[in-house]
Amino acid sequence: MELKISSRSQDDLAVVTVGGEIDLYTAPRLRDELITALDEGARRLVVDMSSTEFCDSTGISVLLSAMKRSRDKGGDLELVAPKPAVMKVLEVTGLHEVFVIHPDTDALPVAAGTGTTP
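A quick note: this is a predicted structure, and the numbers were derived from the prediction, not measured. (Residues numbered from 1 in each chain as written. Predicted model: local features only at pLDDT ≥ 70, side-chain atom pairs only at ≥ 80, totals over all residues. Heavy atoms only, no water.)

## Let's talk about the overall build of the chain
When helices and strands are counted, the chain shows 3 helices and 6 strands. Reading the helices (α) and strands (β) of the chain from amino to carboxyl end gives β-β-α-β-α-β-α-β-β. Computed over the C-alpha atoms, the radius of gyration of the chain is 13 Å, within 12% of the 13 Å expected from 2.2 N^0.38 for a compact globule of 118 residues. When the backbone C-alpha atoms are referred to their principal axes, the chain occupies close to 35 × 30 × 25 Å. (Helix = DSSP H or I, 4+ residues; strand = E, 2+ residues; numbered from the N terminus. Rg over C-alpha atoms; globule rule 2.2 N^0.38 Å.)

## Quick word on unusual backbone geometry
Its identity as a non-glycine residue notwithstanding, D11 has a phi of 55 degrees, on the positive side. In this fold, D11 is placed in the loop between β1 (4-10) and β2 (13-22). Not every positive phi belongs to a glycine, and A81 is a case in point at roughly 55 degrees. According to the relative accessible area criterion, A81 is buried, its value standing at 12%. (Buried < 20%, exposed > 50% of the residue type's maximum accessible area, 1.4 Å probe, protein only.)

## What to know about the environment of L30
Summarising the element assignment, L30 is placed in helix α1 (residues 27-39). For the pair L30 and V16, spaced 14 residues apart in the sequence, the C-alpha separation amounts to 9.0 Å. Excluding residues within four positions of it along the chain, L30 makes contact with L3, I5, V16, V18, I22, V62 and L63. (Contact = heavy atoms within 4.5 Å.)

## What to know about the confidence of the model for the chain
Summing up the model confidence of the chain, the mean pLDDT is 91 and the portion of residues at 70 or higher is 92%. This stretch, residues 111-118, has a pLDDT under 50; its non-local contacts, to residues over four places away or in other chains, come to 24 contacts. (pLDDT = per-residue confidence, 0-100.)

## Description of the pattern of salt bridges
A complete count under the given rule lists 6 salt bridges for this structure. The partner of E53 in a salt bridge is K83, with the nearest N and O atoms 3.7 Å apart. Here the residue E53 occupies a position in strand β3 (residues 44-55), and K83 occupies one in the loop between β4 (76-80) and α3 (84-93), the gap between them amounting to 30 residues. The salt bridge partner of K68 is D72, with a shortest N-O separation of 3.1 Å. (Salt bridge = Lys/Arg side-chain N within 4 Å of Asp/Glu carboxyl O.)

Here's what the structure looks like:
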């Protein structure tokens, strides 16, 4: 399955929307998008996972690494609306206690600007 990533940012906030599957082959694209957002001044990363069908350990590693980078800048990484399959991985690994997780997309902040990575 293809990975679709789009992002928008404003000030020190970046909202990254991820759709499809995050795995060994697609995780580098997500990593690049998150690092770019941080390099462009974001401290707070909000990852909308409402359209993410699957996330393996490689994807989890990318999210953890981005969270660490964000926290090093005084921010954080938050996950929004992970589907049950993704939530199960977070629960089994205990990472549901590490990440800030919002249950639905109502928690998504409104941010100006748009950019899309196909």
